[in-house]
Structure formats: C-alpha cells, structure tokens
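Residue-level structural notes
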Amino acid sequence: MLHTPHPPIPRPRARARRRLRAAALLASAVSVCLVAASAPPTPLGVGDRLYPQLGNPGYDVTAYDVSFTYSGSNSEPLKAVTVIDARTTADLDRLNLDFAHGKVDSVEVDGEPAAFAAAGEDLVVTPEDALDEGDRTRITVRHSSDPVYPEDRQGGWVRTADGLAMANQADVAHLVFPCNDHPSDKARFTFRITAPDGLTAVANGLPTRVDRTGGTTTWTYRTGHPMATELAQVSIGRSTVLHRTGPHGLPIRDVVPTEHRAALEPWLAKTPDQIAWMERKVGRYPFETYGLLMADATTGFELETQTLTLFERELFTEPAYPKWYVESIMIHELAHSWFGNSVSPATWSDLWLNEGHATWYEALYAEETADKPMAARMKAAYGASDRWRTAGGPPAAPKPPKNGSKTGIFRANVYDGAALVLYALRQEVGGAVFDRVERAWVARNQDGTATTADFARLASETAGRDLGDFFHAWLYGEKTPPMPGHPDWKQAPAAKAPAKASHKAHGE
C-alpha cells in the first residue's frame, strides 16, 4: 500500500463493457438479477479472529483525505467529508465501509451519486456502475462525526478540557470516519481541520498549508508513510506547538496545553536522546516526524498514534510517578514507532509483536538508565505467566474481547507476557543473534504488515536453525515453558502473583 493519492481514473470503456455484458445476460437471468438487486445490505469483515466484523474484502485503500469542521464545542458533531481512494481486488456491485456513529448525508463513487445503507456497523455503498477487479475508484462520503458516545460504546474522539483528540485503538476509528478499519489495510492520510480562530489543530504527518478566512483557520497535514486507521490522530484545542530537532535533523513537534507549557518542557526535551537510544538498538527512526501530544484528559492509557503519540498530561505533572517510570513509558510509546506503526500487525492476534516489543524496550531502557534489572522483571513475569495465559490466552492467541470493550485484548499476556517470550528467545539464541533479528524485522517489514509466523521464520533464518517448536510452545501453549538458562524459575503461587508491570495494563 505504497500508492500515492491519485485523481479518480475515468473508466468509460469498463462501463460500456459492463452495460453490454448486462444486456447480454438480461434475457436469461432476469429472476436472478431481481433477487440480487433486492438482497438486503449485510455487514462484512476480513475475518479477523478477534474482530470478525472489522475491515472489508474486495478493495485496498491507497489514500484517505479526511476533512473536519469543528464548531468550537466538543459536545457537538463535526461536519466531515471523507474521500477514499482505493483499488478493487474483486468485481464489486457493492462495497462496504466501516462506519457506525454519525449521519451520512451523501455518497459519491467517482463523482456520481451512489446509493447507501447501514448494515450493522457498516456503510454499504452501491455505485451506479459496478466496479471491476483492478479498478481505481474514489468514494466520497459527506457525514457528521459525533464526539459524544453511549456509555457502552466509547469511540475514537477523546473530549479534552479544551477540545478533542483521538484514540482509535483497536476497533473504533470507524466511529469517527468511514474507513476500512483493520490494520492490514494501511494507507496514506491527508487531514484538513477547520476550527475557530484561537484554537490550534494538529494531525499525523507534516503540515502542508494553513488557510485563514472568516474567523476560522484550516490546517492541512499529510503523512509521508502509510498508516493503519487505529493510529490516526487529530488534536484540536488551545494548544502550543513546540519544535525541536532530533537525530539526523528529524523534525520533532510537541503539542501541549498552552497553560502547562513550562511544566512539560523538561520532559519534552528528553525526546531527541530517547530517539537516538532506540536507533542504536533497532535502526533509524522510520517516519518523517515525531512528537508528543499532551492531552488534558483522563483516558487511563497512552497511545502510539503515528508520529504524534497521545499522552495524558497528568502522567508528567503528577508527582507520585517516579522519573524513571515516566521515562520508560515514553520509551514504550516511542518503540511503537518501529513495532506496531511502521511494522503493523496483519491480524489483531499478532498484537503481541506490538506490545511485547514496546514492553521489552521499556524494560531495557529502565535497566540501562535507572538500574532496574530486566531479569528481575522477567522473573516476576514468569511467575505470573501461567495465570495470565489462563485469564487472557497465550500471547499469540489472546481471548476475544468482551462486547463493547475496545481495549479488551490489551491484557498482561500481550505486555509483560509477550516481553517474556522475547526474553526467552534471547536466552535461546544469544544476544547477538537476537539483536540481528530485531534490526532485520523492522528493516524488512517497514511500512508494511507482518504476522507471528513471519517473525518465527525470520528468527529461525537468522539463528540458522528451526525455532518452530520453540515459538509454538512460548506463543500458543496453555502453560509457560521452562525458561532457557533459568531452570530455577517457577510459577508463583496465586496468592503471591506479582502485579502487572506494564503501564498499559490499564489501557492501550
């Protein structure tokens, strides 16, 4: 999905061919056509084991262009236009988009009005002319985007003290804008945000223009790399954007509540050195910019939205959090730039590759900078691992989330439980081989998606021996295997189960 945005390509020949084909078939298939035409719209999905209704078959999105108009009140729906450029991968009489929280005013396909209907959490679009496999098409949806949700279905908009931010992980980007809401279909994004003067809007990627007219300002941002829908970020508020430079001249921009700028600056100043630390471990930072979005909101989590990571402001201003702890959380989210953002999970069952790696580098940073031994943390995780597997499933086969719980798969088994798998791999193959696996993983899969099987194959290839049995036991076993090099490590009694170490235990 490395295609750049493109204008819709006229298909007069394809349409003529369809009409001729339809005419030839009409006499012999009238009854079949009537049945097909009257078939009710139905929700589809790509068959993800954990979120079977997410995503849609038949097309590959290459680019999104999403426009929001914000009134100034974060309790009122935003006016929105979502333009989707896609390439079809099958013949389509209809196509499904994920969209479930907003009013749709109109839909066009390649500039022509299209019929549309809701089905479950899908928006089912019927174009005037069917689409052939291999067609490029543009779908334009004019809709609202409502930041107020029912208690049992929280969405992607986060209402902050002075505006809005986004938190779409794992399955709620489609409550914000129509999309193919699955990480397997990454695309480039353009965001255009119009807001009253006095507010600042920031989104993923780099700014391309600012237009001011009639008491409003429109900011335009564009990503330089493909992105999963769950990683989209738009911030609107009374914010200050701070700029600094990272390794290799990397532009770093942070978005902070203006009134808290001075208190947050010492934390923000740490980012360039943290990026340099991660680069020494796994290779060059994979995107065009990075920065922290400090939201005045209580979310219960931090979130690795691509190039603009969402943090709760209180994480940095609450004195109860030790300095080393806050810094390790900053590393956790930064590490996701490589693990989860640049290399995205092909399915949600591959989530351990995101969170296990981010937890691994979080713990390694704490070991190297704050004298918090990795082995001690991993031993504690080992003692709790069997209980985590029972409660949440093995790291690569997590149990499905409960209905209405968008963070339901974010359990200890995919944080410290998955980091424990990486520790076991390092024990099994040695530090030098492990480091080569890590670097090769992010280099080979940059801007793409990858699976658990891909990681196991790469590790086997790098180690020069088949590690299939090792990975099967550690990733899918109901019980935790013996730890290589530590035969004395045992499961802790239930009454003495160590607390979950990852900061993301309470969220994403």
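Residues numbered from 1 in each chain as written. Predicted model: local features only at pLDDT ≥ 70, side-chain atom pairs only at ≥ 80, totals over all residues. Heavy atoms only, no water.

**Comments concerning the sheet that holds strand β3 (residues 95-98)**
Threshold: A strand pair is defined by DSSP finding two or more bridges across the two strands. A run of DSSP states H or I qualifies as a helix once it reaches four residues; a run of E qualifies as a strand once it reaches two. Both are numbered from the N-terminal end. Angles run from 0 to 180 degrees between N-to-C directions of axes, and those axes are lines fitted to C-alpha atoms, restricted for helices to the stretch in contact.
Read across the sheet, 3 strands follow the order β3-β7-β6 without closing on themselves; strand pairing throughout is antiparallel. The open sheet has two edge strands with one neighbour each: β3 and β6 (115-119). Each adjacent strand pair in this sheet contributes to an overall mean axis angle of 25 degrees, direction not counted. Examined bridge by bridge, β6 and strand β7 (residues 122-126) share 5 bridges and lie antiparallel to one another.

**Remarks on the pattern of salt bridges**
A side chain of one charge can pair with a side chain of the opposite charge when the charged atoms of the two come close. Applied cut-off: In the sections that follow, a salt bridge refers to a side-chain nitrogen of Lys or Arg positioned within 4 Å of a carboxyl oxygen of Asp or Glu. Each residue's exposure class comes from its accessible area (1.4 Å probe, protein chains only) as a fraction of the maximum for that residue type: buried when under 20%, exposed when over 50%, partly exposed otherwise.
Applying the stated criterion across every chain yields a total of 17 salt bridges. With its nearest N and O atoms 3.7 Å apart, the salt bridge here joins E108 to R142. Of this pair, E108 sits in strand β4 (residues 104-109) while R142 sits in strand β8 (residues 136-145), and the two are 34 residues apart along the sequence. Across the pair D211 and R209 runs a salt bridge whose closest N-O atoms are separated by 2.8 Å. Given the relative accessible area of 28%, D211 is considered partly exposed. Look at the salt bridges and you will find they share partners, linking R244, D254 and E265 into a network.

**Let's talk about the side chain of S344**
Its place among the elements puts S344 in strand β20 (residues 343-345). You can call S344 buried: its relative accessible area is 2%.

**Re the sheet that holds strand β2 (residues 78-88)**
Spatially, β5-β4-β8-β2-β1-β11-β14-β13 is the arrangement adopted by the 8 strands of the open sheet, whose pairing is mixed. Each edge of the open sheet carries a strand with a single partner, namely β5 (112-113) and β13 (206-213). Where strand β11 (residues 188-196) meets strand β14 (residues 216-222), 7 bridges bridge the pair, whose relative direction is antiparallel. Looking across to β14, one finds that R192 is bridged to T220.

**Let's talk about the confidence of the model for the protein chain**
Going by this rule: One confidence number per residue, pLDDT, is output by the predictor and ranges from 0 to 100. For this analysis, residues touch if any pair of their heavy atoms sits within 4.5 Å.
For the protein chain, mean pLDDT is 90; residues scoring 70 or higher make up 89% of the total. Under a pLDDT of 50 for its full length, residues 497-508 has, in the predicted model, 47 contacts with residues more than four places off or in other chains.

**Describing the nonpolar core**
Rules: The term nonpolar core refers to a set of buried residues drawn from Ala, Val, Leu, Ile, Met, Phe, Trp, Tyr and Cys, joined through side-chain atoms within 4.5 Å.
F316, W352, Y361, W441, F455 and F471 are the most contacted members of the largest nonpolar core, which has 70 residues in total. Counting residues per element, this core draws most heavily on helix α9 (residues 416-429), at 9 residues. Among residues more than four places away in sequence, those in contact with W352 are H357, P395, A396, V414, A418, V421, L422, T452, F455 and L475. With 61 residues, the next largest nonpolar core counts I84, L131, L175 and L308 among its residues.

**Some words on the packing of helix α7 (residues 351-370) against α9**
A pair of packed helices is characterised by two quantities: the angle between their axes and the separation of those axes. Quick reminder of the rule: Roughly parallel covers angles under 35 degrees, roughly antiparallel covers those over 145, roughly perpendicular covers 65 to 115, and oblique covers all other angles. Residues are grouped as follows: Ala, Val, Leu, Ile, Met, Phe, Trp, Tyr, Cys and Pro are nonpolar; Asp, Glu, Lys and Arg are charged; every other residue, Gly included, is polar.
As a packed pair, α7 and α9 sit with axes 7 Å apart at the nearest point and diverge in direction by 75 degrees. Our classification of the angle between α7 and α9 gives roughly perpendicular. For the pair α7 and α9, the contacting residues are W352, G356, H357, T359 and W360 in the first and D416, A418, A419, V421, L422, Y423 and R426 in the second. The residue inventory of the contact of α7 with α9, partitioned by class, reads 7 nonpolar, 3 polar and 2 charged.

**Some words on the environment of A335**
Mapping A335 onto the fold places it in helix α6 (residues 323-335). Through-space distance from the C-alpha of A335 to that of V282 is 9.4 Å; in sequence the pair is 53 residues apart. Once you skip the residues sitting within four places of it in the chain, A335 turns out to touch M278, A358 and Y361.

**Notes on the pairing of strand β16 (residues 239-245)**
Sheet topology places β16 next to strand β17 (residues 251-257); 7 bridges connect them, and they run antiparallel. Bridged to T240 within β17 is V256. With antiparallel pairing between neighbouring strands as the criterion, β16 and β17 make up a hairpin whose turn holds 5 residues, including H248 at a positive phi of roughly 60 degrees.

**Description of helix α8 (residues 374-392)**
For an α-helix, 3.6 residues make a turn, and residues three or four places apart therefore share a direction. Threshold: The span one expects for a helix is its residue count, reduced by one, times 1.5 Å.
End to end, α8 covers just 23 Å across 19 residues, shorter than the expected 27 Å (1.5 Å per residue, more than 12% under). The secondary structure elements touched by the buried residues of α8 are α7, α9 and α12 (468-476). In the stretch just after α8, G393 is the one whose phi turns positive, near 95 degrees.

**What to know about the pairing of β11**
Of all 9 residues in β11, 7 are buried; the element is thus mostly enclosed. Bridge count for strand β1 (residues 59-69) against β11 is 7 bridges, and the pairing is parallel. If you follow V66 over to β11, its bridge partner there is F191.

**Quick look at helix α3 (residues 261-268)**
Using the following cut-off: Think of the arc as the fan of directions from the helix axis to the C-beta atoms.
Of the positions making up α3, those classed as buried are L264, W267 and L268. On an axial view of α3, the arc spanned by its buried residues comes to 95 degrees, and they lie on one face. Facing away from the buried surface of α3 by more than 90 degrees, the exposed residues are A262 and P266. Buried residues along α3 sit in contact with β16, β17, α4 (271-282), β18 (292-295), α5 (314-317) and α6.

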